[in-house]
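# Residue-level structural notes
The residues making up each chain are set out below.
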Amino acid sequence: MKEKLLALKEQAMAELEAVASLDALKDIRVKYLGKKGPMTEILRGMGKLPAEERPVIGQIVNEIKSALEEAINAKTEVLEKKALADKLANDKVDITLPGRKAAKGHLHPITLTMREIKKIFMRMGFDVMEGPEIENDYFNFEALNLPADHPARDMQDSFYITEKFLLRTQTSPIQARTMQSREPNSPIRMIAPGTVYRNDYDATHSPMFHQVEGLVLDKNISLADLKGTLELFCKEMFGSSVKIRLRPSYFPFTEPSAEVDISCVICGGKGCRVCKNSGWLEILGSGMVHPHVLEMSGYDPSIINGYAFGMGVERIAMLKYGIDDLRLFFENDLRFVRQFK
Ligand code: DAH
């Protein structure tokens with residue numbers, strides 16, 4: 001019996017020596033010291049032993065048990081330390097590795113162009129006004145002297161929401177809104193950038209596009225003020241060598257009205273495909289504010305007068321960057337958009 005016990009101890013110690021993981025160690029503990037292990041079995045079977053052997057064997061069993069217990073505890077400590085050291089070694093963060101770059105977005109070319117237009121006018125002392133994109137018939141048309149039979153009022157050309165409300169077709173309603181928000185006859189110098197909507201779609205038209213409106217009202221404003229301001233704007237926007245010209249035109253809310261052209265930014269005025277050999281590019285509509293428009297919004301045309309203008313932001317961006325299809329702005333092709341970083 002004694003030899004058997006000592007052999008068991010030898011075997012357990014050898015296994016303990018070889019064990020390499022905490023899990024395997026747990027198995028050894030169960031195997032030798034567990035309820036179904038050989039030690040428990042021997043202790044249980046003590047009754048069958050001759051009386052004089054019992055205390056001797058009992059003592060040996062207890063000695064082996066505590067020796068094993070101690071060895072297992074020591075080994076546990078060793079293995080736990082090793083596990084921690086391994087974990088620390090494997091989880092090491094290499095702080096010398098270069099970081100991953102976050103993909104950074106940038107502004108859309110239309111936003112960039114809008115901002116540039118705003119900046120130029122703000123430097124000249126213009127306020128920046130806003131108005132609603134869902135506009136009523138009165139501000140979008142009536143207050144701007146647009147007659148009932150004007151084609152823009154047609155259901156086919158404008159996006160109506162109800163009979164009286166539509167997506168604004170122009171930023172011009174902000175002229176009337178600004179006048180009506182001010183003390184009558186007080187001077188105004190404002191621009192109104194914004195999104196507008198029309199039922200059009202081709203290489204030069206999109207159902208959603210952007211305009212910047214302008215309105216200047218004061219005493220004794222003349223066409224020369226209009227021309228001087230717009231000339232300065234065009235030179236800032238397209239370069240100081242750009243020339244402008246005013247061409248007679250018609251808008252219901254201005255009288256007289258003028259289309260403003262700039263000398264072709266591609267050929268410098270010699271004539272090319274872009275300017276259709278004319279040397280000029282049309283960039284905006286303008287004119288002296290119609291007396292009736294002033295009256296309808298509470299201004300007295302015998303005291304106050306002024307000019308207004310409206311430009312298409314997409315058109316300006318196309319000319320500035322040499323883009324030949326307006327739809328590119330809204331198709332979200334990153335190869336296009338990323339060129340404006
Ligand atoms: N609202 C006009 C359009 O959408 C542009 C325009 C022309 C605005 C002349 C003006 C202006 O203020 O005086 O075509």
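Attention in this report is confined to the structure presented alongside it. Since the model is a prediction, treat every value here as computed from it, not as a measurement.

## A short note on the site of the ligand
Of all residues adjacent to the ligand, which total 15 residues, the nearest are Q170, S172, R198, Q211 and E213. In the model, a nitrogen atom of the ligand is placed 2.8 Å from a nitrogen or oxygen of the Q170 side chain. For the ligand, the accessible surface in isolation is 360 Å², of which the surrounding protein chains cover 89%. Counting residues per element, the ones that place at least two in the shell around the ligand are β5 (208–218), β8 (280–289) and β9 (305–312). Taken together, the residues that form the shell around the ligand break down as 4 nonpolar, 9 polar and 2 charged.

## What about a nonpolar patch on the surface?
There is a patch of nonpolar side chains on the surface, built from I134, I161 and F165 and spanning about 270 Å² of accessible area. Positionally, I134 belongs in strand β2 (residues 134–136).

## Structural notes on the nonpolar core
With 43 residues, the main nonpolar core has F121, F233, F309 and M311 as its most contacted residues. Put simply, the parts of the chain that give this core at least two residues each are α5 (109–123), β5, α8 (223–238), β7 (254–263), β8, β9, α10 (313–321) and α11 (334–337). Among the elements that line this core, the one with the most residues is α8, at 6 residues. Residues in contact with F121, not counting those within four places in the same chain, are F126, I191, T229, L230, F233, F309 and M311.

## A word on the pattern of salt bridges
Under the definition given, this model contains 13 salt bridges. A salt bridge links E116 to K320; its shortest N-O distance comes to 3.4 Å. Placement of the pair is E116 in helix α5 and K320 in helix α10, with a sequence separation of 204 residues. A relative accessible area of 29% places K320 in the partly exposed class. When the shortest N-O distance is used, the salt bridge between D127 and R182 registers 3.5 Å. In this pair, D127 sits in strand β1 (residues 127–128) while R182 sits in the loop between α7 (173–181) and β4 (188–197), placing the two residues 55 residues apart along the sequence. Classification of D127 by relative accessible area gives partly exposed; the value is 36%. The partly exposed category is assigned to R182, whose relative accessible area is 25%.

## A look at the pairing of β5
Counting buried positions along β5 yields 9 of 11 residues, so the element is predominantly enclosed. Sheet analysis places β4 next to β5, joined by 10 bridges and oriented antiparallel. Directly across from I188, in β5, lies its bridge partner L217.

## Brief notes about α10
Of the positions making up α10, those classed as buried are V313, E314, I316, A317, M318 and L319. If you follow the buried residues of α10, they end up packed against α5, β5, α8, β8 and β9. In the segment just after α10, G322 is the residue with positive phi, at about 65 degrees.

## So, the environment of K235
With respect to the secondary-structure elements, K235 resides in helix α8. For the pair formed by K235 and I262, sequence separation is 27 residues and the distance between their alpha carbons is 9.4 Å. In this structure K235 touches S240 and V242, once residues within four positions along its chain are discounted.

## Concerning the packing of helix α1 (residues 2–18) against helix α2 (residues 22–33)
Close contact between α1 and α2 brings their axes to 10 Å; oriented N to C, the two are set at 170 degrees. Between α1 and α2, the crossing angle belongs to the class labelled roughly antiparallel. Contacts from L8, Q11, A12, E15 and L16 in α1 reach L25, I28, K31 and Y32 in α2. The residue makeup of the contact of α1 with α2, split by class, is 6 nonpolar, 1 polar and 2 charged.

## Some remarks on a negative patch on the surface
Together, D154, D157, D200 and D202 give the surface a local cluster of negative charge. Looking at where D157 falls in the secondary structure, it is placed in the loop between α6 (137–140) and β3 (165–167).

Rules used throughout
- Residues numbered from 1 in each chain as written.
- Predicted model: local features only at pLDDT ≥ 70, side-chain atom pairs only at ≥ 80, totals over all residues.
- Heavy atoms only, no water.
- Near = heavy atom within 4 Å.
- Polar contact = N/O pair within 3.5 Å; in protein donor to acceptor, adjacent residues only side chain to side chain.
- Areas by Shrake-Rupley, 256 points an atom, 1.4 Å probe, with all protein chains shown as cover.
- Helix = DSSP H or I, 4+ residues; strand = E, 2+ residues; numbered from the N terminus.
- Nonpolar A, V, L, I, M, F, W, Y, C, P; charged D, E, K, R; others polar.
- Patch = residues over 30% accessible without salt bridge, like charges linked within 9 Å, V, L, I, M, F, W, Y side chains within 5 Å.
- Salt bridge = Lys/Arg side-chain N within 4 Å of Asp/Glu carboxyl O.
- Core = buried A, V, L, I, M, F, W, Y, C linked by side-chain atoms within 4.5 Å.
- Buried < 20%, exposed > 50% of the residue type's maximum accessible area, 1.4 Å probe, protein only.
- Contact = heavy atoms within 4.5 Å.
- Pairing = 2+ DSSP bridges.
- Axes fitted to C-alpha atoms, helices over the stretch in contact; angles between N-to-C directions.
- Parallel < 35°, antiparallel > 145°, perpendicular 65-115°, else oblique.
- Lys, Arg positive; Asp, Glu negative; His and termini not counted.
- Charge placed at Lys NZ, Arg CZ, Asp CG, Glu CD.

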